[in-house]
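This is what each chain is made of:
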Amino acid sequence: NLLCLHCVNDLPHTNFAMHANNPVEKIFWGRLALTAAMSEFYFAKGTLIQTLIHEFKYKGNKDVGLYLGAMMGSSLLNNNRFTKIDALVPLPLFADKEFKRGYNQAAILCNGMSEVMEVPVITNNVVRKRFTETQTKKHRTERWENVEGSFEVNNPKEIKNKHILLVDDVVTTGATLEACGAEILKVEGTMLSLATLAYASK
């Protein structure tokens, strides 16, 4: 394993996957028609989770992302709220940003989840069509205005009548996931659930 047993035991699991109306689902109440939503861990600065996210998001350590994705997949399999997922969709990065980084960290998580869940990953269908500034220092309204109209579905037939699980690394206000999820739900017959690696309270 990439982590020792002591570190694994200290990871701050939320157990949100098992509970309806959890804090992640409440973020999207009245904003997005979700089937279910969860985050695997609580996020806090200066913690192991922040270090691990930094490792696979900025330092190219994809093995960490695959490992954490597999943890997410196991949590989703161990309850009945996420049992009928047809495909995993990573929250897309703007093409230039993904090119500079070399990969999309959400796609790495999806690959780890897919191995455990045996559910396919759909990439390059839901795309980010314009560059957006970083959301880190923006307020909730500014975050929504920053990402509104940023996403589109290239091939609606590929996800028509499917239950899509949209995946990202961290959720705070949910503005980016909402903007992307809203486009997915425009496709006929789609159902939408969300899963993120970590939950950062505002």
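### With respect to the sheet that holds strand 5 (residues 163-171)
Sheets are built from strands paired through backbone hydrogen bonds, the pairs being either parallel or antiparallel. A sheet is described by the order of its strands in space; here 4 strands give the open sequence 1-6-5-2, paired in parallel fashion. Single-partner strands in this sheet number two, and they are strand 1 (37-42) and strand 2 (87-90). Pairs of neighbouring strands in the sheet enclose a mean axial angle of 20 degrees, with direction left out of account. Note: strand 2 against strand 5, 4 bridges, orientation parallel.

### A few points about the nonpolar core
Leu68, Met113, Leu165 and Leu166 are the most contacted members of the largest nonpolar core, which totals 56 residues. Contact partners of methionine 113, with chain neighbours within four places excluded, come to Gly69, Ala70, Met72, Gly73, Leu76, Leu88, Glu118, Leu165, Val167 and Ala195.

### Let's talk about the packing of aromatic side chains
Taken as a whole, this structure holds 3 aromatic pairs when the rule is applied. Summarising the aromatic geometry, the rings of phenylalanine 16 and tyrosine 42 are spaced 5.6 Å apart at their centres and angled 80 degrees between planes, so their arrangement reads as edge-to-face. Taken together, the residues span a long stretch of sequence, with phenylalanine 16 in the loop between helix 1 (5-10) and helix 2 (23-27) and tyrosine 42 in strand 1 at a distance of 26 residues. Taking the relative accessible area as the measure of exposure, phenylalanine 16 reaches 5% and is therefore buried. Three or more aromatic residues joined by ring pairs make a cluster, and in this case those are Phe16, Tyr42 and Tyr199.

### Topic: the layout of surface pockets
Counted as a void, the second largest pocket has a volume near 200 Å³. Lining the second largest pocket are 13 residues, and of these Pro92, Glu98, Asn104, Thr123 and Asn124 lie nearest its centre. Of all elements in the fold, only strand 2 and strand 3 (126-128) reach the threshold of two or more residues within the lining of the second largest pocket. Per-element tally for the lining of the second largest pocket: the top contributor is strand 3, with 3 residues. In terms of residue class, the lining of the second largest pocket is built from 8 nonpolar, 3 polar and 2 charged.

### What about the environment of aspartate 63?
The residue aspartate 63 is located in helix 4 (residues 62-77) in this model. C-alpha separation for the pair aspartate 63 and alanine 87, spaced 24 residues apart in sequence, amounts to 22 Å.

### Observations regarding the pattern of salt bridges
What the rule picks out here adds up to 6 salt bridges. A salt bridge links aspartate 169 to lysine 57, with the nearest nitrogen and oxygen atoms 3.0 Å apart. Taken as a pair, aspartate 169 in strand 5 and lysine 57 in helix 3 (residues 48-58) lie far apart in primary sequence, 112 residues in all. One exposure class covers both aspartate 169 and lysine 57, and it is buried.

Rules behind the numbers
Within each chain, residue numbers correspond to sequence positions counted from 1 in written order. Predicted model: local features are reported for residues with pLDDT of at least 70 only, side-chain atom pairs are reported and counted for 80 or more only, and whole-chain, interface and lining totals are derived from all residues. Hydrogens are left out, water is left out, and the side-chain values use all remaining heavy atoms of the structure. Here, a strand pair is defined by DSSP locating no fewer than two bridges between the strands. The helix count covers DSSP runs of H or I at least four residues long, the strand count covers runs of E at least two residues long, and both are numbered beginning at the N terminus. Note on geometry: axes are lines fitted to C-alpha atoms, helical ones only across the stretch in contact, with angles between N-to-C directions running from 0 to 180 degrees. In these notes, a set of buried Ala, Val, Leu, Ile, Met, Phe, Trp, Tyr and Cys residues joined through side-chain atoms within 4.5 Å is what counts as a nonpolar core. In this scheme, a residue with accessible area under 20% of its type's maximum is buried, one over 50% is exposed, and one in between is partly exposed, where area comes from a 1.4 Å probe on protein chains only. In this description, contact between two residues means that some pair of their heavy atoms is separated by no more than 4.5 Å. The criterion for an aromatic pair is that two Phe, Tyr or Trp rings (for Trp, the six-membered ring) have centres within 6.5 Å, with stacked assigned to planes under 30 degrees apart, edge-to-face to planes over 60 apart and tilted to the rest. Using a 1 Å grid laid over the protein atoms alone, points where a 1.4 Å probe fits but cannot get out form a cavity; open sets with protein on both sides within 12 Å along at least 5 of 7 lines form a pocket; any residue with an atom within 4 Å of a point counts as lining. Grid points are joined across faces, edges and corners, and a volume is the space filled by probe spheres set on the points. Classification used: nonpolar for Ala, Val, Leu, Ile, Met, Phe, Trp, Tyr, Cys and Pro, charged for Asp, Glu, Lys and Arg, polar for all others including Gly. A pair is scored as a salt bridge if a Lys or Arg side-chain nitrogen falls within 4 Å of a carboxyl oxygen belonging to Asp or Glu.

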